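# Overview (structure and organization)
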Amino acid sequence: MKTASLVATLAAVAIPLAAHANAGAGHAAPAFTLTDIHGKTVNLADFRGRTVVLEWNNFGCPFVEKHYGSGNMQALQKKYGADVVWLTVNSTSTGSPDYMKPAAVDTHLHEVGAAPAGYLMDDPGSVGRAYGAKTTPHMFVIDPKGVVVYNGAIDDKRSTNPEDVKTARNYVAAALDEMKAGKPVTTATTAPYGCSVHYR
Amino acid sequence: MVTTEHVEAELISEKASAQPGQPTLVGLKLRMADQWHTYWKNPGDSGLPTRIKWELPEGWKAGEILWPFPKPLPVGPLMNYGYEDEVVLLAPLTPPAGAPSGAATIKARAEWLVCKDVCIPEKGQLELTLPVSPSPPADNPRTQAYIERARNMWPVEAKGWKYESAIVGKSLVVRLVPPEGAAPPKNAHFFPDQELLIEPAAPEKVTREGRAMRIEMKLADPPPANLQAVSGVAVSENGWPGMDRKAIAVQARVSASLAPAAGSIGSAAGNAAGGSIGIALAFAFMGGVLLNLMPCVFPVLGIKVMGFVEHAHGDARAMRVQGAMFFAGAVISFLALAGLMLVLRASGAQLGWGFQLQSPVVVVLLGLLFFVLALNLVGVFEWGAFAQSMTSNLTVRGRYADAFLSGVLATVVATPCTAPFMGAAVGFTLTQSAPLAMAVFGVLGVGMALPVFLLALFPQLLRRLPRPGVWMETFKQILAFPLFATVAWLTWVLGAQSGNDSVLALLGGLVIVALAAWMYGRWRHSPGMWRPVLAVLLGAAGVAVAWPTPYGPGGPGIVSKAGDLPWEAWSPEKVRELNGQGKAVFVDFTAAWCVTCQVNKRVALHNAEVVKQFAARGVVPLIADWTRQDPRITETLSSLGRNAVPVYAFYLPGDATPHLLPEVLTPAIVLDELSRINGNGATAVTQR
């Protein structure tokens with residue numbers, strides 16, 4: 001017994017802990033309940049049976065600015081808005097210079113003409129961590145069964161240049177089109193690019 | 001020079017001039033504001049590598065950027081790879097062979113992302129005038145210091161080093177094997193060239209494997225498909241032997257598994273890691289000695305010693321040989337068992353030590369074996385012509401074989417006792433290389449066999465015992481009771497595995513076996529074959545009755561009594577879900593056959609104060625029961641770096657990375673752990 005515990009302690013010292021969760025493609029999407037900018041409670045489970053897109057957002061980030069300044073993100077939200085539930089999630093902590101209060105977010109959404117089904121506040125960062133959201137933007141597509149089918153970048157042009165949107169291959173649009181056609185998602189995992197999510 | 005808000009950017013040249021047809025180094029020097037950083041070619045979890053687009057005179061060619069090794073830059077729970085303060089990104093530029101002499105204008109459009117708390121994409125149009133001249137170029141004194149700094153940070157090819165790599169469970173392992181006679185540095189950090197290969201934020205585990213250095217990293221989830229090779233940079237702050245550089249370039253093919261490291265045990269004794277291997281071996285030896293006192297081993301050895309007592313006054317040499325045979329039998333069967341397990345594991349079976357006891361069939365057979373041994377000891381029957389193991393009327397050769405078989409038997413009966421007590425220790429061993437694991441098992445066997453061997457070697461010790469007589473018979477009968485106790489324990493284990501009906505079947509089987517043993521002993525003087533035949537038939541009937549159904553009705557499920565923790569069943573999804581809801585989660589990885597687990601539960605987890613604090617802090621207790629095989633548990637354990645129970649994992653609200661508690665718990669340890677959450681974590685997510 002003593003032997004076991006001593007050697008086990010050695011083992012515990014030698015083996016560091018694993019880090020970070022990840023809602024990798026093929027895994028069940030972690031459940032969550034968040035509050036949107038209007039104070040309404042939003043539960044992921046309510047959308048079982050529908051496709052859900054999660055978009056990690058921080059308007060202070062130049063990569064996010066690239067996709068809103070060019071109108072790219074709003075266009076996607078409108079184009080697919082009828083078929084999917086598009087939820088924009090903000091995990092920026094209240095201590096970050098990029099943190100925006102819900103009212104300020106609301107104003108900004110109107111200014112840029114964004115149309116997500118909900119804009120969710122996650123300033124404690126719990127949901128972001130559970131999903132392993134790393135960058136803004138970082139995109140997840142969840143199928144009607146609650147399984148993550150896409151996890152990664154918005155497109156294949158890793159830059160802050162709005163011009164690149166025209167020539168980029170949009171992974172989220174590709175995944176949603178394939179799902180609509182009843183096909184499996186070909187590109188299910190890519191490396192997200194952008195600013196770090198400003199976790200607490 | 002271009003000056004932006006956070007960066008001063010400049011094009012610099014290594015030489016004062018360029019020679020036609022000869023490459024010369026030109027690069028981008030970025031001077032970042034305090035605490036701001038730019039990125040390496042693999043930026044890590046976020047960020048963007050700096051880009052240079054050259055606009056060169058006619059016929060000039062530009063090579064790839066020579067990236068200095070990066071620095072890990074943690075950002076909250078994320079990890080970036082990049083540079084702070086200053087970085088010089090050089091690239092070889094080659095003017096054409098027929099380049100005319102005179103000033104050449106080199107232009108570069110550079111784009112970089114510079115970040116601190118926020119990120120700013122910046123760019124600059126840079127220009128440098130470099131004379132072209134056929135004479136050998138002179139150094140450029142103004143830039144030499146910068147160029148030298150960058151050059152020293154380039155990863156170099158390390159002569160004579162070999163690199164191996166494999167995916168082990170959820171980890172990527174890269175092994176760096178130094179040339180003969182060189183020792184790797186104590187520590188290093190590996191930066192992979194490829195993105196989405198590993199979780200950059202997960203700590204890298206660096207260990208010594210013989211002469212080699214082993215770096216274990218957490219694979220990205222999902223792992224890259226069809227991974228053929230990995231490449232990257234290994235950085236050691238103390239440099240590498242024979243090189244005045246901190247970074248070496250590593251390229252390795254990814255194979256299905258890693259061969260044992262060369263010289264894993266032999267040369268390890270002399271190096272730093274040798275300490276812990278030495279300690280592991282010392283503990284294995286002590287553990288082996290302690291096994292002699294285990295309820296399942298002691299009776300068997302006791303009988304062997306009894307046999308010695310009868311001979312203690314006889315031929316000393318013959319006894320020594322017998323002792324040696326016993327020793328060999330025990331050590332060889334320990335090694336054989338360990339080898340079998342390693343082979344099964346290598347062929348992909350998800351096994352940990354104690355795996356035998358996950359099979360109800362093995363538990364039933366062991367229960368029957370111990371029961372029969374106990375009946376024999378208590379005197380219900382004598383073995384008779386079957387096996388005269390304890391009697392002395394054997395030939396000398398027969399006695400040697402008997403001694404060897406006693407060693408084997410001692411090992412066989414010892415395994416169910418080793419598993420519950422030594423599971424964690426042996427589990428650690430299994431994470432090491434195969435030769436080391438075998439060494440630990442061998443030493444365990446040596447420790448177990450040594451006391452009996454010493455008695456055989458020095459029979460004068462035995463002469464202190466009373467002369468053979470009636471006391472021996474009494475002692476033998478007393479030894480039956482630890483065996484009965486072991487049967488009781490195995491029955492309970494079976495109950496946890498296959499339910500109440502299996503327990504009834506086993507008990508029924510035991511009754512029939514007892515009847516067979518009694519008949520065999522009662523009419524021992526009766527001639528004729530009816531007696532052994534009937535005994536065997538009845539014995540077989542007993543085994544058949546006791547044989548467990550292949551798929552029992554499942555374990556008892558989760559049973560919580562008042563005053564216990566309100567356990568719920570574990571699943572990876574459940575942990576993720578609770579975690580996502582911002583709840584703190586405590587997972588008990590346990591098994592019925594794990595004695596340490598049961599002791600911890602009684603002593604620490606069901607302590608009144610602990611139960612109260614679980615409730616007060618809203619911690620959800622989950623139980624992951626490994627009593628039966630469960631690949632999901634085996635997989636989760638392996639991702640936590642373990643392969644035996646107990647393991648206690650504590651997840652703070654919203655933190656998907658658990659903290660592991662020690663294997664042996666006290667209420668204080670658990671309370672201390674719980675106090676890491678502030679108040680009620682249950683509402684962490686549903687804010688505002």
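Residues numbered from 1 in each chain as written. Chains lettered and ligands numbered in written order. Predicted model: local features only at pLDDT ≥ 70, side-chain atom pairs only at ≥ 80, totals over all residues. Heavy atoms only, no water.

### Looking at the overall build of chain B
Each helix and strand in chain B was counted, giving 16 helices and 23 strands. Here chain B holds 688 residues, and the buried ones make up 51% of them. Nonlocal contacts in chain B, meaning residues at least 24 apart in sequence, comprise 75% of its contacts between residues at least 6 apart. Taken as a whole, chain B presents about 29700 Å² of accessible surface, with 61% of it coming from carbon and sulfur. (Helix = DSSP H or I, 4+ residues; strand = E, 2+ residues; numbered from the N terminus. Buried < 20%, exposed > 50% of the residue type's maximum accessible area, 1.4 Å probe, protein only. Contact = heavy atoms within 4.5 Å. Areas by Shrake-Rupley, 256 points an atom, 1.4 Å probe, with all protein chains shown as cover.)

### A few points about the pairing of strand β10 (residues 102–115) of chain B
Residue and element names in this part refer to chain B. Examined bridge by bridge, strand β5 (residues 51–55) and β10 share five bridges and lie antiparallel to one another. Counterpart to arginine 51 in the pairing with β10 is glutamate 111. Direction of pairing for β10 relative to strand β11 (residues 119–132): antiparallel, over a ladder of 14 bridges. Note that in β11 the partner of leucine 113 across the bridge is proline 121. Connecting the antiparallel pair β10 and β11 is a turn made up of three residues. (Pairing = 2+ DSSP bridges.)

### Re the state of the cysteines
Residues and elements named next belong to chain B. If you walk through the whole model with that rule in mind, you get two disulfides over all chains. Covalent S-S linkage joins cysteine 115 and cysteine 119, the inter-sulfur distance amounting to 2.2 Å. On the sign convention where negative means left-handed, the S-S torsion of about 110° between cysteine 115 and cysteine 119 marks this disulfide as right-handed. The class of cysteine 115 is buried, set by a relative accessible area of 1%. Assessed through its relative accessible area of 6%, cysteine 119 is described here as buried. (Disulfide = S-S within 2.5 Å.)

### Observations concerning unusual backbone geometry
Here Thr136(A) and Pro137(A) are connected by a cis peptide whose omega angle stands at -5°. Note that Pro137(A) resides in the loop between β6 (135–136) and β7 (139–142). For Gln35(B), which is not a glycine, the phi torsion comes out positive at approximately 75°. The residue Gln35(B) is located in the loop between β3 (24–32) and β4 (37–44) in this model.

### A closer look at the confidence of the model for chain A
Here chain A averages 86 in pLDDT, while 89% of its residues score no lower than 70. A low-confidence stretch, residues 1–21 of chain A stays under pLDDT 50, and its non-local contacts, those more than four residues away or across chains, total 50 contacts. (pLDDT = per-residue confidence, 0-100.)

### Quick notes on empty space enclosed by the protein
Over the atoms, a rolling probe the size of a water molecule traces out where space has been left empty. Residues and elements named next belong to chain B. Taken as a whole, this structure holds eight cavities of 30 Å³ or more when the rule is applied. Empty space within the largest cavity amounts to approximately 130 Å³. Gly44, Asp45, Leu196, Ile198 and Pro200 are the residues nearest the centre of the largest cavity, which is lined by 16 residues in total. Residues of the lining of the largest cavity, tallied by class, amount to nine nonpolar, three polar and four charged. (1 Å grid on protein atoms, 1.4 Å probe; cavity = no way out; pocket = protein on both sides within 12 Å on 5 of 7 lines; lining within 4 Å. Points joined across faces, edges and corners; volume = space filled by probe spheres on them. Nonpolar A, V, L, I, M, F, W, Y, C, P; charged D, E, K, R; others polar.)

### Things to note about the environment of Val84(A)
Residues and elements named next belong to chain A. Checked against the element boundaries, valine 84 lands in strand β4 (residues 84–90). Judged by its relative accessible area of 5%, valine 84 is buried. For the pair valine 84 and alanine 117, spaced 33 residues apart in sequence, the C-alpha separation works out to 8.9 Å. Not counting residues up to four positions away in its chain, the partners in contact with valine 84 are Arg50, Thr51, Val53 and Leu176.

### Focus: the nonpolar core
Within soluble globular proteins, side chains that are nonpolar generally end up buried alongside one another. All names here are of chain B. Residues Val587, Phe589 and Val645 are the most contacted members of the largest nonpolar core, which totals 75 residues. Per-element tally for this core: the top contributor is helix α5 (residues 360–378), with ten residues. Those residues in contact with valine 587 that sit more than four places away from it in its chain are Trp570, Val575, Leu622, Ala624, Val647, Tyr648, Ala649 and Tyr651. In this structure, Met32, Trp60, Ala99 and Val132 belong to the second largest nonpolar core, which totals 64 residues. (Core = buried A, V, L, I, M, F, W, Y, C linked by side-chain atoms within 4.5 Å.)

### Section: the sheet that holds strand β8 (residues 148–152) of chain A
Residues and elements named next belong to chain A. On the basis of which strands lie adjacent, the open sheet formed by seven strands has the order β2-β1-β5-β4-β3-β7-β8 and mixed pairing. The open sheet has two edge strands, β2 (41–43) and β8, and neither has a second partner. Adjacent strand axes in the sheet meet at a mean angle of 30°, parallel and antiparallel pairs treated alike. Pairing geometry for β4 and strand β5 (residues 118–121), over four bridges, is parallel. Bridge assignment links valine 89 to a residue of β5, and that residue is leucine 120. (Axes fitted to C-alpha atoms, helices over the stretch in contact; angles between N-to-C directions.)

### What to know about the pattern of salt bridges
Residues and elements named next belong to chain B. A complete count under the given rule lists 28 salt bridges over all chains for this structure. A salt bridge links arginine 175 to glutamate 209, with the nearest nitrogen and oxygen atoms 2.5 Å apart. A residue pair is termed long-range when its members are at least 10 positions apart, and arginine 175 in strand β13 (residues 171–177) and glutamate 209 in strand β15 (residues 205–209) qualify at 34 residues. Its relative accessible area of 2% is what places arginine 175 among the buried residues. Between glutamate 673 and arginine 676 there is a salt bridge, and its shortest N-O distance comes to 3.2 Å. (Salt bridge = Lys/Arg side-chain N within 4 Å of Asp/Glu carboxyl O.)

### Description of the pairing of strand β12 (residues 162–168) of chain B
Residue and element names in this part refer to chain B. As defined by bridge partners, β12 adjoins β13 across seven bridges and the pair is classed as antiparallel. From the neighbouring strand, valine 168 faces β13, where its bridge partner is serine 171. Between β12 and β13, which pair antiparallel one after the other, the connecting turn spans two residues, and glycine 169 there sits at a positive phi close to 60°. In the sheet, β12 pairs with strand β18 (residues 247–255) via two bridges, with the strands oriented parallel. Directly across from alanine 166, in β18, lies its bridge partner serine 255.

### Brief notes about the confidence of the model for chain B
For any part of a model where pLDDT is low, the fine detail of the predicted coordinates should not be relied upon. Residue and element names in this part refer to chain B. The predicted model of chain B averages 81 in pLDDT, with 84% of residues at 70 or higher. Predicted confidence is poor over residues 262–275, with pLDDT under 50, and the contacts of this stretch with residues over four places away or in other chains come to 19 contacts. Segment residues 551–557 is flagged for pLDDT under 50; beyond a separation of four residues in sequence, or across chains, it makes twelve contacts in the model.

### Let's talk about the environment of Arg169(A)
Residues and elements named next belong to chain A. Relative to the elements of secondary structure, arginine 169 occurs in the loop between β8 and α6 (171–180). Exposure remark for arginine 169: the relative accessible area of 39% places this residue in the partly exposed category. Once the C-alpha coordinates of arginine 169 and isoleucine 154 are considered, the two residues, 15 residues apart in sequence, prove to be 8.7 Å apart. Discounting residues that sit within four places of it in the chain, arginine 169 has contacts with Ile154, Asp155, Asp156, Ala174 and Thr187. Among the polar contacts listed, one links the side chain of arginine 169 to the side chain of threonine 187, at a separation of 2.9 Å. (Polar contact = N/O pair within 3.5 Å; in protein donor to acceptor, adjacent residues only side chain to side chain.)

### Section: the packing of aromatic side chains
What the rule picks out here adds up to 22 aromatic pairs over all chains. Aromatic pair Trp40(B) and Tyr81(B): ring centres 6.2 Å apart, planes at 75°, arrangement edge-to-face. On the criterion of sequence distance, the pair formed by Trp40(B) in strand β4 and Tyr81(B) in strand β8 (residues 78–84) is long-range, its members being 41 residues apart. Of the two residues, Trp40(B) and Tyr81(B), both sit in the buried class. By the ring-pair criterion, three or more aromatic residues cluster together here, those being Phe32(A), Trp56(A), Tyr131(A) and Phe140(A). (Phe/Tyr/Trp six-rings, centres within 6.5 Å; stacked < 30°, edge-to-face > 60°.)

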